[in-house]
Each structure stands twice: as structure tokens, then as C-alpha cells.
Amino acid sequence: MAGLSKVAGSKLFIGGRVPYRTTLQLSDFTGQVWTEIDGWQQTGDLGSEQEALTQTLINQNTTIYAKGVISFPIMENVFAPDFADPGQTAFRAAQVSCRPYAFKIEWSGDCGVESIVTISQASPGVVTWATHGLTNGTAVSFTTTGTLPAPLVPGTIYFVVAAAASTFQVALTPGGAAIATTTAGTGVHTAQALPVGETDLFYGLAMYGTKTGGDASATRLISMPIQPIAPYISV
């Protein structure tokens, strides 16, 4: 039996404005700069639903079925209001836009592993992370106090290739070509890796929501729904 995945520790991020698309691929998220939306109190459902078409046949005394259209239920997220939080500020800005935005969820985000790493300027660039334990295909992203070696971008999801005991290379797609780094970069770099399948990427519309009421002892919460416009991608 597979282990359970928990919701606690998950993180929701908002990226930049994107074109309206009904199908997505991983490359559509390349170069996104992610901002966490803090204060996530309740997550809504993420996914797609498909209608079932039915037709009853008189002569067969039965009902036959076919697949109908696919729709994407709204993701009803609830947050503790924090008007100083950059992520909530970004979401409010997205609410007044008619354009969709990129979103990322790191499920069980506190179950990931991270470490300070070095990244060489080479063809391909080599990431050094002592006894990292990562396998090929693992999704990783980087942050830095300075600049990453070009063309690596903070927050972009890459995939481990050529994994060795304390080093690996990264590619834009699972099993893809390793990326060559053309500059040395500056500052201290940190790599974060999450279990395979625990990161979801999708496009959606930032919708208006309501503030909750309650009795005198209730806490104030705010609904910040997202309307997905295409199937999400898991990495």
C-alpha cells in the first residue's frame, strides 16, 4: 500500500499573467516567477469533471452512455486575511484582470527536502548537493540570494538527470537534455525537491470571493477562488 499524502504543509503560489489556453504543457510554465499566497486555511478541489451523455432506447429497453464535455470546477480556497502579504496582494491584482494567471501548488510542501548547493558554469552545468538521494525525474527548483547561473531561473521547475551520489544535472523536461550554464552566478543558491507527483501547475482565473461571518468568537476569513481553465499538470 502506498503512503498517505497530507494536505498540511502545502503551499499555493501565483505566477504571472498568461494567455488563455485549454491545453497545457510543462514548457508553458517556463520562466514563471512564483509568489506564495500566505495564510492558506482551506484548499478547494482541483481537477476536471466530465458529463455523461445518456440516451434511452425504446427497442432495447436500456440506456446507453457516452462521454460528454469536460469542465473544471472552481477551486474554493479560503485564507486568513493578510493585506501585507505579497501573495494576497498579487491575487487581488489578478482579481481585477480579465486574463488568467499561472498557479502552482506544492502539496505536502514541508515533506520536501532542500539544501544549499553549488552550480557550476559548464556544459552541462552540474549541481553539487552532498548525498542528496534524489533520483532521475525528481522535480527541483532553485532560489538564490544573488543570481543563478544563466539560463536557470528562480522558481522554475527543472528535472533531475544524470543523478550521482552527490551531484546531478537538470533539464526542462523529465529525461530531457541537461542544461548548459553560461554564467557563474552570484550569491548562495538553495535547491528544493518534492516527491514526484506532488507539484501541480495550472492556469486559472482569480475570482472574487466573500468574507466569512460568524459569532463573536469566529475568526475572519476570506474566500479567494480560482477557476481553472485547463487540466492541471503534475510533476
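Up top you'll find the structure we're talking about.
Now for a look at the structure at hand. What you are looking at is a predicted structure, and each value in this text was computed from that prediction instead of being measured.

Following the sequence through the fold, Arg21 ends up in the loop between β1 (11-17) and β2 (35-36). Setting aside residues up to four positions removed in sequence, Arg21 forms contacts with Asp28, Tyr203, Ile229 and Ala230. Within polar-contact distance, the side chain of Arg21 engages the side chain of Asp28 at 2.5 Å.

Attention shifts here to the pairing of strand β10 (residues 139-144). Bridge analysis of β10 against strand β11 (residues 158-161) gives two bridges, and the strand direction is antiparallel. By the bridge assignment for β11, Ala139 is matched with Phe159. With six bridges joining them, β10 and strand β13 (residues 189-194) adopt antiparallel strand pairing. By the bridge assignment, Phe142 is partnered in β13 with Ala191.

Judged by nonpolar contacts, the single largest core of 18 residues is most densely connected at Leu12, Phe91, Phe103 and Ile105. Listing elements by their share of this core, those giving two or more residues are β1, α1 (86-95), β7 (101-106) and β14 (199-206). With residues up to four places along the chain from it excluded, the contact list for Phe91 reads Ile14, Ile37, Phe103, Ala206, Met207, Met224, Pro225 and Ile226.

Space left empty within the atom packing is revealed by a probe, the size of a water molecule, rolled over the atoms. For the structure on display, the rule yields two cavities of 30 Å³ or more. Within this model, the largest cavity holds a volume of roughly 80 Å³. Lining the largest cavity are Leu26, Phe29, Thr30, Trp34, Lys104, Gly155, Thr156, Ile157, Leu172 and Leu201. Residues belonging to the lining of the largest cavity are distributed by class as follows: six nonpolar, three polar and one charged. In this structure, the second largest cavity occupies an estimated 60 Å³ of space. If you trace the second largest cavity, you find it lined by Lys104, Glu106, Ala139, Val140, Ser141, Ile157, Gln192, Ala193, Leu194 and Thr199.

What counts, and at which threshold
- Residues numbered from 1 in each chain as written.
- Predicted model: local features only at pLDDT ≥ 70, side-chain atom pairs only at ≥ 80, totals over all residues.
- Heavy atoms only, no water.
- Helix = DSSP H or I, 4+ residues; strand = E, 2+ residues; numbered from the N terminus.
- Contact = heavy atoms within 4.5 Å.
- Polar contact = N/O pair within 3.5 Å; in protein donor to acceptor, adjacent residues only side chain to side chain.
- Pairing = 2+ DSSP bridges.
- Core = buried A, V, L, I, M, F, W, Y, C linked by side-chain atoms within 4.5 Å.
- Buried < 20%, exposed > 50% of the residue type's maximum accessible area, 1.4 Å probe, protein only.
- 1 Å grid on protein atoms, 1.4 Å probe; cavity = no way out; pocket = protein on both sides within 12 Å on 5 of 7 lines; lining within 4 Å.
- Points joined across faces, edges and corners; volume = space filled by probe spheres on them.
- Nonpolar A, V, L, I, M, F, W, Y, C, P; charged D, E, K, R; others polar.

No statement about biological role is implied by the geometric values presented.
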